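Read off the chains here:
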Amino acid sequence: MKNSKFTRYAAAVLAAAMTVSASPAVYAADGDSSASAGKVVYSFDFEDGDVSAFCNRGENDTTEISVSDEASVSGSKSLLASGRSKDWNGPAFRLDDKLEPYTEYYISAKIKGRYYTGATFSFQFTNSDGETKYSNLVQNLSGSDWMSVENVKVSFTDEMTGVYVYFEGGQDDLFIDDFTVTEAPAVEIEQDIPGLKDVFANDFKVGTAFTPSGLSSKPTTSLLEKHFSGSITAGNEMKPDSVLNQAACQAYFEETGDDTVPQISFSAAKPLLNYCRDKNIPVRIHTLVWHSQTPDWFFKEGYTNDDEWVSKEKMLKRMENYIKAYFEELVKLYPTVDFYACDVVNEAWTDQGTPRQPGEQGSGGSENSAWVQVFGDNSFIESAFTFARKYAPEGCKLYYNDYNEYMDGKLNAICEMAADFKSKGIIDGIGMQSHLDARQSLDSAFPSVDMYNKALDKYSELGLDIQITELDVTTPENPTEADFKVQADYYKGIWDSIYAHKDNISAVVIWGITDDGSWRAKKYPLLFDAEYKAKPAFYSIIDGHDIPDIRPTDPVPTDKPTDPVPTDESTSSSVEVSLLGDANCDGKVSIADSTAILQALGNPDKYGLSLQGTVNADCCDPGDGVLPSDALAIQKIDAKVIASLPDITA
Ligand code: 9MR
């Protein structure tokens, strides 16, 4: 297959994502019909009177769990959760003491309130920082009769403890029956297609947005590693509302009297960042300054929700200290992660090219901006870039990121601003989000390929880098095969336009992996379907491109083989040094190269150097192989003890 042109064009595979039946009422979240093919690992009809696998939610949960013959779906008994005195009270079923991590399971159950009830089926776990996180799996279980949740997908990682599913909502007695846990059939991703990142390896990074929940799904991480390991953007976990910690901000203020030093935590992003560190995947930081997903209290006196807005002067100090702490903490926690790009400011211009309206987040149809409220205009953008330039680690490029970036008013405002910032040396590039809509035909698609192409021309003329930061392309709802064909043709038009500008584009990031995980799941916007299969759009964008050898998915990215540092001449003689000391092949010699060498020497099974990295790493006394002295030589360079490599003082 090497260097052949890829022309295969697959038919659309549309999996029925939801299972729905009329009686009893059925609710499914992320459900999958293939669950029926899986192995049932737990099944409770409660006819034997055993409810010991279920519990309340501890602490002050007053729920009592017992067997009841007052109601049932199958047989004559069910589980009864009575004495519930708070909305959040159980019943709960613990997963991590019974099931395997990194395995997908489907849970089905029947639920009924004693009276009319409104319940929610939820999930909780405790992370490695001891914080407990909650999410709703199925909401609006409302009615007075039996209701079903069917094939609700759950999974967890080995970093999660205290993993439970539970029913909550109201204080009504709840009956549960026919609770089953089915192990999802193991899914192998398609190995006979090329990795997207490999097809475009000489052109730009190919990456994706990812959230920690995806880490527990093996097929999802396999797809990520095969196709998208050029770059990861945290879907939500590095945004201000995930990073800012209100209680810690207030505590710091109380302790010091200083309310200009925001306190932060990356606990939400840690599972993802750990993964990027372990797999050597570069990270796009998204995002520092945004009107959305930023708490109003950040802009208020005393960090309270309902006090006065702070002055512009105070907000500038908060902004600077926030950006400083953000970068410092990231570098401290993850010295080896390549934070290569950062969306410094997100979505600050309207489509007309004006600042947003001032106001609280969520007001004005979610469009208003507390930044504009405090600053009175869009001058906060320049401040943010100035601070980001001051504190961002070396190699971290700074971007202005926006959607509808092809609309004239917005495009002109961005270009004017970017040209000014470029002259001041505080910006490196433009992030084009690219949330696009294929609609029913190429004629009605929005934006047209031509419009998108013209925007790329304009941004290219700026002489700044461009990154496509959140690409997805919606179909109409309930798409037909014809709609997927239009989507594929449109994706190709857009991708070809991107490819034509590749000299100005350093990364293309798709906003998610499989359709069912997308923020626009109802409109199937991604390259892989819920069954982890490549869609026509995938084939369309690689169509006509040279493709490399197709290899099974590596457990680590291609530039970092699992093999220990290869030092023998037979493997390395054909590769020339690209930059002496650049062990991680990022184009520079820094302390990260020293770390990479020590990691590769200390734990070759986990960390490795690429062949190029190995050749570069042999830098202290070239020819003697990769040794600790090479790491030391780089440290000497960093400390300015020596000026160049090799280390003639050694
Ligand atoms: O993908 C994100 C989704 O999970 C969140 O619910 C949503 C809330 O604003 O944000 C999504 O990501 C947005 C990104 O941060 C900025 N551009 C638009 C993206 C899609 O809404």
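Parameters and conventions
- Residues numbered from 1 in each chain as written.
- Predicted model: local features only at pLDDT ≥ 70, side-chain atom pairs only at ≥ 80, totals over all residues.
- Heavy atoms only, no water.
- Helix = DSSP H or I, 4+ residues; strand = E, 2+ residues; numbered from the N terminus.
- Buried < 20%, exposed > 50% of the residue type's maximum accessible area, 1.4 Å probe, protein only.
- Contact = heavy atoms within 4.5 Å.
- Areas by Shrake-Rupley, 256 points an atom, 1.4 Å probe, with all protein chains shown as cover.
- Near = heavy atom within 4 Å.
- Polar contact = N/O pair within 3.5 Å; in protein donor to acceptor, adjacent residues only side chain to side chain.
- Nonpolar A, V, L, I, M, F, W, Y, C, P; charged D, E, K, R; others polar.
- Salt bridge = Lys/Arg side-chain N within 4 Å of Asp/Glu carboxyl O.
- Pairing = 2+ DSSP bridges.
- Axes fitted to C-alpha atoms, helices over the stretch in contact; angles between N-to-C directions.
- Left-handed = near helix turned anticlockwise from the far one by under 90°.
- pLDDT = per-residue confidence, 0-100.
- Right-handed = clockwise from strand over helix to strand, strands pointing away.

To continue, consider the overall build of the protein chain. When you go through the protein chain residue by residue, the secondary structure sums to 16 helices and 21 strands. Burial analysis of the protein chain (650 residues in total) assigns 54% to the buried set. Considering only intrachain contacts with a sequence separation of at least 6, the fraction spanning at least 24 residues in the protein chain is 77%. Accessible area for the protein chain stands at about 26,600 Å²; split by element, carbon and sulfur atoms hold 48% of it.

A separate point is the site of the ligand. Around the ligand, the structure places 13 residues, and the nearest of them are K239, H286, Q293, E470 and W511. One nitrogen or oxygen atom from the side chain of E470 is found 2.7 Å from a nitrogen atom belonging to the ligand. In this structure, an oxygen atom belonging to the ligand sits 2.9 Å away from a side-chain N or O atom of W511. For the ligand, the protein covers 72% of the area, taking 450 Å² as the surface of the free molecule. Partitioning the shell around the ligand into residue classes produces 3 nonpolar, 7 polar and 3 charged.

Below, the discussion takes up the side chain of T120. Along the chain, T120 turns up in strand β8 (residues 117-126). Residue classification places T120 among the buried residues on the basis of a relative accessible area of 14%. In contact with T120, other than residues within four places in its own chain, are N136, V138, Q139, N140, L141, Y166, F167 and E168.

This model, assessed by the stated rule, comprises 33 salt bridges. Across the pair R114 and E70 runs a salt bridge whose closest N-O atoms are separated by 2.7 Å. Taken together, the residues span a long stretch of sequence, with R114 in the loop between β7 (105-113) and β8 and E70 in the loop between β4 (64-68) and β5 (78-82) at a distance of 44 residues. Classification of R114 by relative accessible area gives partly exposed; the value is 26%. Across the pair K314 and E301 runs a salt bridge, and its minimum N-O distance is 2.9 Å.

Moving on, we come to the environment of A186. Within the secondary structure, A186 is located in the loop between β12 (174-183) and α1 (196-199). It is 8.8 Å that separates the C-alpha atoms of A186 and K218, two residues lying 32 residues apart in sequence.

Sheet architecture is open: 5 strands sit in the order β3-β6-β11-β8-β9, paired in antiparallel fashion. Whereas interior strands pair on both sides, the edge strands pair on one side only; in this sheet they are β3 (54-55) and β9 (132-143). Of the strand pairs in this sheet, β8 and strand β11 (residues 161-168) are connected by 6 bridges, and their pairing is antiparallel. Counted as the bridge partner of F123 is V165 from β11.

Right, let's get into the packing of helix α8 (residues 380-391) against helix α9 (residues 408-424). Contact geometry for α8 and α9: axes closest at 12 Å, N-to-C directions at 35°. For the element pair α8 and α9, the recorded crossing hand is right-handed. Across from I381, E382 and F385 in α8, the residues of α9 making contact are M417, D420, F421 and K424. Residues of the contact of α8 with α9, tallied by class, amount to 4 nonpolar, no polar and 3 charged.

For the peptide bond that leads from H286 to T287, omega is 5°, which places it in the cis range. Here T287 is to be found in strand β15 (residues 283-290). The peptide bond linking L645 to P646 adopts the cis configuration, its omega dihedral lying at -5°. Among the secondary structure elements, P646 is positioned in the segment after α16 (628-638). Positive phi outside glycine occurs at F46, with the angle close to 65°. Note that F46 resides in the loop between β2 (39-44) and β3.

Looking at the protein chain as a whole, its pLDDT mean stands at 89, while 89% of the residues score no less than 70. In this model residues 1-24 is a low-confidence stretch, pLDDT under 50, and it forms 57 contacts with partners more than four residues away in sequence or in other chains. Low pLDDT, under 50, characterises residues 28-35; the predicted model gives this stretch 27 contacts beyond four residues in sequence or across chains.

This part takes up the pairing of strand β14 (residues 231-234). Side chains S231 and T233 of β14 all project onto a buried face; the interleaved residues I232 and A234 project onto the opposite face, where all are buried too. Relative to β14, strand β13 (residues 205-210) is paired through 4 bridges, and the arrangement is parallel. Residue pairing across strands places T208 opposite I232, the latter belonging to β14. Between β13 and its parallel partner β14, the chain crosses via helix α2 (residues 218-227), and the hand of that crossover is right-handed. By the bridge criterion, 2 bridges tie β14 to β15 in an arrangement that is parallel.

Let's shift gears to the side chain of T260. Within the secondary structure, T260 is located in the loop between α4 (246-256) and α5 (270-279). Engagement of the side chain of T260 in a polar contact is seen with the side chain of D258, the distance being 2.6 Å. In this structure T260 touches Y303, K314, K317, R318 and N321, once residues within four positions along its chain are discounted.

The next thing to look at is α2. With 8 of 10 residues buried, α2 lies mostly within the body of the structure. Buried within α2 are the following residues: P219, T220, T221, L223, L224, E225, K226 and H227. Tucked into the core, α2 has its buried residues touching α1, β13, β14, α5 and α12 (536-542).

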